[in-house]
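A closer look at the structure
This is what each chain is made of:
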Amino acid sequence: TTFNGYAETTLPLIARGGVRLGVQQQNTRYAYTPDQNVDEITYNLRVWTRFRNGLDLSIDATRTRDMGSPQVTREYTNTMAKAVWRVRRFLLTAYLARTKESQGSTEQTHTRAQIELRREF
């Protein structure tokens, strides 16, 4: 079984922006291989805005937790911030993301950043 739901609205103080909050729950049962069962819940949050000067900002955050039986609980979080600024023939994109995954005593963390400047000829 899977359930998906979200709510989205505009930001009251910013004319060209919004907020989206989502949730997904998935439950899967395997009769002959219960080690593969899935009890997973995911939360999403996204905030974005567009300014009149050509700047777009967005922040996305996701958290997933899998408590499938009898395996060790797995948690995954991902956070990303992105800015895109277009001025005439120039495009500046900045991106920062952080991912953290843990299962039992094992943990991995990745951080990525990128800045790109383009000019159209």
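First, a word on what this report is: a plain description of the structure on this page. Remember, it's a predicted structure, so these values are computed and weren't measured experimentally. (Residues numbered from 1 in each chain as written. Predicted model: local features only at pLDDT ≥ 70, side-chain atom pairs only at ≥ 80, totals over all residues. Heavy atoms only, no water.)

1. Some remarks on the overall build of the protein
Per the secondary structure count, the protein includes zero helices and seven strands. Overall, the protein shows an N-to-C arrangement of helices and strands of β-β-β-β-β-β-β. In terms of overall dimensions, the protein has C-alpha extents of about 60 × 30 × 25 Å along its principal axes. Among the 121 residues that make up the protein, the fraction classed as buried is 18%. Across the protein, the fraction of contacts at a sequence separation of at least 24, relative to all contacts at a separation of at least 6, is 36%. Across the protein, the centroid of the 18 positively charged side chains sits 12 Å from that of the 12 negatively charged ones. (Helix = DSSP H or I, 4+ residues; strand = E, 2+ residues; numbered from the N terminus. Buried < 20%, exposed > 50% of the residue type's maximum accessible area, 1.4 Å probe, protein only. Contact = heavy atoms within 4.5 Å. Lys, Arg positive; Asp, Glu negative; His and termini not counted. Charge placed at Lys NZ, Arg CZ, Asp CG, Glu CD.)

2. Here's the deal with the packing of aromatic side chains
Within this structure, the stated rule accounts for zero aromatic pairs. The positively charged end of Arg 20 is found above the aromatic ring belonging to Tyr 6, 3.8 Å away from the centroid. (Phe/Tyr/Trp six-rings, centres within 6.5 Å; stacked < 30°, edge-to-face > 60°. Lys NZ or Arg CZ within 6 Å of the ring centre and 35° of its normal.)

3. Side note on the side chain of Thr 28
Positionally, Thr 28 belongs in strand β2 (residues 17–28). At 3.5 Å, the side chain of Thr 28 forms a polar contact with the side chain of Gln 26. When sequence neighbours within four positions are dropped, the list of residues in contact with Thr 28 reads Asn 37 and Val 38. (Polar contact = N/O pair within 3.5 Å; in protein donor to acceptor, adjacent residues only side chain to side chain.)

4. Notes on the pairing of strand β3 (residues 38–50)
Inspection of the sheet shows β2 paired to β3 by 12 bridges, in the antiparallel sense. From the neighbouring strand, Gly 17 faces β3, where its bridge partner is Thr 49. With 11 bridges connecting them, β3 and strand β4 (residues 55–66) associate as antiparallel partners. In the sheet register, Tyr 43 faces β4, and the bridge partner there is Arg 63. (Pairing = 2+ DSSP bridges.)

5. Regarding the sheet that holds strand β6 (residues 90–103)
If you trace the seven strands from one edge of the open sheet to the other, you get β1-β2-β3-β4-β5-β6-β7, paired in antiparallel fashion. With one partner strand each, in any of the chains shown, β1 (2–10) and β7 (106–119) form the two edges of the open sheet. Averaged over neighbouring strand pairs, the angle between their axes works out to 5 degrees when direction is ignored. In terms of strand pairing, strand β5 (residues 74–87) meets β6 through 14 bridges, oriented antiparallel. In the strand pairing of β6, Arg 86 is matched with Leu 91. (Axes fitted to C-alpha atoms, helices over the stretch in contact; angles between N-to-C directions.)

6. A closer look at the environment of Arg 29
Position of Arg 29 relative to the elements: it lies in the loop between β2 and β3. Looking at Arg 29, the relative accessible area reads 53%, which means it is exposed. Between the alpha carbons of Arg 29 and Arg 119 there is a distance of 52 Å; along the sequence they are 90 residues apart. Beyond its immediate chain neighbours, meaning those up to four positions away, Arg 29 contacts Asn 37, Val 38 and Asp 39. Separated by 2.7 Å, the side chains of Arg 29 and Asp 39 make a polar contact.

7. Considerations on the pattern of salt bridges
In the structure shown here, the tally under the stated rule is 10 salt bridges. Glu 8 serves as the salt-bridge partner of Arg 20, at 3.2 Å between the closest nitrogen and oxygen. Placement of Arg 20 in strand β2 and of Glu 8 in strand β1 is noted, with a sequence separation of 12 residues between them. Arg 20 sits in the partly exposed class, given a relative accessible area of 32%. By relative accessible area, Glu 8 is classed as partly exposed at 47%. Two residues, Arg 118 and Glu 116, come together in a salt bridge whose shortest N-O distance is 3.1 Å. (Salt bridge = Lys/Arg side-chain N within 4 Å of Asp/Glu carboxyl O.)

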